[in-house]
Amino acid sequence: MAPLEEENAYDLLGITMEATEGEIRTAYRQRSLKVHPDRHPNNPQAAHKFHELNQAYELLLDPIRRLALDAKVRLKEAHKERFAKYDNKRKGMQEELEAAEREFKRRKEDEKKKGKQREEENERVKEEGRKMREEAELKAAERAAAAAKAAKTTEQKQDLGPLDTTIRLKYAIARYPELVTAAALGQWMRRFGDVDEGSIVISMKAPKKSPDKPAKTVVALVPFAKVGDAFSAVCARGKAGGGLDDMEVGWAGGQEPEAVRWLQAEKAAPPPSVDFETATIMRMRQAERDRLER
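- Looking at an unreviewed UniProt entry, the chain carries the name DnaJ-domain-containing protein, with the source organism given as Sistotremastrum niveocremeum HHB9708.

Structure (structure tokens):
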């Protein structure tokens, strides 16, 4: 009876669970003829199959055993149907899970692609910014070079007046008999800086009351190359050992030039015509001058 626990007796006879006793007998006769060992001596499986048919036939004709088999078959079908539902549910869940995984991978690929695009865009912006910065620096360097070239080609004394570097001297010939020529006076004044000897003007006039008598005083205009040197000469007037004792020294224009007046203003920047070295010397001269006046 063991095979019947694994095989369905109804399936062996080819009938359904609703078959009547007559239908069972008819089905048995028809099937048994096909597998009867006497009719199929060359088939080694005939005896086994015939034995199974007899077991199925005897089981189905026994009301008690048939009821037990029917209950077992129905239970098996119920289990099969229930598991089929479970399989469909699992299949649906599996499909949903696979769909979710595919969607997750798709989103991840999209985010990766977008991230790569953002990185490429950032690199492009950085490269454009670098090029713009280099172009701006190049243009600034070109402008600075052009400005430096323009400043270099522009005369340093462009903001100086025609007499801003010229001083006026007046002295007695008897006191300085050797200083009656431009060359001698230019050499004498070189102690303060470079002098344009060719532009020195000397005037020696006879006294108005005695025009026949020789001149007693000299009035001279001495142009220096730098306003700082002219300022040094002006600061030396009346100073012992300054070389300009008993001389009247002043500015040829009658007043201090703009390049000198900035000294009076605290923290004022020197004009473009006064370089750093000259400005430092002028500051020192002014400080000494203020001290002597005090």
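### What to know about the sheet that holds strand β2 (residues 201-203)
Moving on, step 1. Spatially, β2-β3-β1-β4 is the arrangement adopted by the four strands of the open sheet, whose pairing is antiparallel. Each edge of the open sheet is held by one strand with a lone partner, namely β2 and β4 (248-251). Across the sheet, the axes of successive neighbouring strands diverge by a mean angle of 15°, strand direction being ignored.
Moving on, step 2. By the bridge criterion, four bridges tie strand β1 (residues 166-172) to β4 in an arrangement that is antiparallel. From the neighbouring strand, Arg-168 faces β4, where its bridge partner is Gly-250.

### Looking at helix α7 (residues 227-235)
Moving on, step 1. Burial analysis of α7 places nine of its nine residues in the buried class, the great majority of the element.
Moving on, step 2. Restricting attention to buried positions, one finds in α7 the residues Val-227, Gly-228, Asp-229, Ala-230, Phe-231, Ser-232, Ala-233, Val-234 and Cys-235.

### Regarding the confidence of the model for the chain
Moving on, step 1. Here the chain shows a mean pLDDT of 83. Residues at 70 or above account for 87%.
Moving on, step 2. Predicted confidence for residues 154-158 stays below pLDDT 50, and this span has eight contacts to residues more than four positions away or in other chains.

### Section: the side chain of Asp-229
Moving on, step 1. Tracing the sequence through the fold places Asp-229 in helix α7.
Moving on, step 2. No salt bridge forms around the buried Asp-229; measuring N to O, its nearest opposite-charge neighbour Lys-226 is 5.8 Å away.
Moving on, step 3. Setting aside its immediate chain neighbours within four residues, Asp-229 contacts Phe-192, Gly-193, Asp-194 and Phe-224.

### Some words on the packing of aromatic side chains
Moving on, step 1. One pass over the structure, following the stated rule, counts four aromatic pairs.
Moving on, step 2. Where Tyr-28 meets Tyr-57, the ring centres are 4.1 Å apart and the plane angle is 15°; that geometry is what we call stacked. Of this pair, Tyr-28 sits in helix α3 (residues 21-35) while Tyr-57 sits in helix α4 (residues 46-61), and the two are 29 residues apart along the sequence. Taken as a pair, Tyr-28 and Tyr-57 share a single burial class, namely buried.
Moving on, step 3. Site record: aromatic cluster; members linked through ring pairs are Tyr-171, Tyr-176 and Trp-188.
Moving on, step 4. Over the aromatic face of Phe-83 sits the side chain of Arg-82, whose NZ or CZ is 5.8 Å from the ring centroid.
Moving on, step 5. In this structure, Arg-191 is placed above the aromatic ring of Trp-188, and the distance from its NZ or CZ to the ring centre is 4.0 Å.

### Some remarks on the pattern of salt bridges
Moving on, step 1. Here the structure, examined in full by the defined rule, presents nine salt bridges.
Moving on, step 2. The salt bridge partner of Glu-103 is Arg-107, with a shortest N-O separation of 3.1 Å. Here Glu-103 pairs with Arg-107, and both are found in helix α5 (residues 63-153), just four residues apart, close to one helical turn.
Moving on, step 3. Across the salt bridge formed by Arg-106 and Asp-110, the nearest N and O atoms sit 2.9 Å from each other. Here Asp-110 and Arg-106 lie together in helix α5, a separation of four residues that amounts to about one turn.
Moving on, step 4. Judged by relative accessible area, which is 31%, Asp-110 ranks as partly exposed.

### Side note on the nonpolar core
Moving on, step 1. One finds Ile-167, Leu-185, Met-189, Val-222 and Phe-224 to be the most contacted residues of the largest nonpolar core, which totals 29 residues.
Moving on, step 2. A per-element tally of this core places α7 first, with six residues.
Moving on, step 3. The residues contacting Leu-185, other than those within four sequence positions of it, are Leu-169, Tyr-171, Leu-179, Ile-200, Ile-202, Ala-220 and Val-222.
Moving on, step 4. Grouped together as the second largest cluster of nonpolar side chains are 19 residues, Leu-12, Met-17, Tyr-28 and Leu-53 included.

### Notes on α3
Moving on, step 1. Between its terminal C-alpha atoms α3 stretches 21 Å, which fits the 21 Å expected from 15 residues at 1.5 Å a residue.
Moving on, step 2. Turning to α3, its buried residues are Ile-24, Ala-27, Tyr-28, Ser-32 and Val-35. Buried residues in α3, looked at end-on, bunch into an arc of 125°, giving them a common side. In α3, the exposed positions that point more than 90 degrees away from the buried face belong to Gln-30 and Lys-34.

Conventions used here
Residues numbered from 1 in each chain as written. Predicted model: local features only at pLDDT ≥ 70, side-chain atom pairs only at ≥ 80, totals over all residues. Heavy atoms only, no water. Pairing = 2+ DSSP bridges. Helix = DSSP H or I, 4+ residues; strand = E, 2+ residues; numbered from the N terminus. Axes fitted to C-alpha atoms, helices over the stretch in contact; angles between N-to-C directions. Buried < 20%, exposed > 50% of the residue type's maximum accessible area, 1.4 Å probe, protein only. pLDDT = per-residue confidence, 0-100. Contact = heavy atoms within 4.5 Å. Lys, Arg positive; Asp, Glu negative; His and termini not counted. Salt bridge = Lys/Arg side-chain N within 4 Å of Asp/Glu carboxyl O. Phe/Tyr/Trp six-rings, centres within 6.5 Å; stacked < 30°, edge-to-face > 60°. Lys NZ or Arg CZ within 6 Å of the ring centre and 35° of its normal. Core = buried A, V, L, I, M, F, W, Y, C linked by side-chain atoms within 4.5 Å. Expected span 1.5 Å × (residues − 1). Arc of directions from axis to C-beta.

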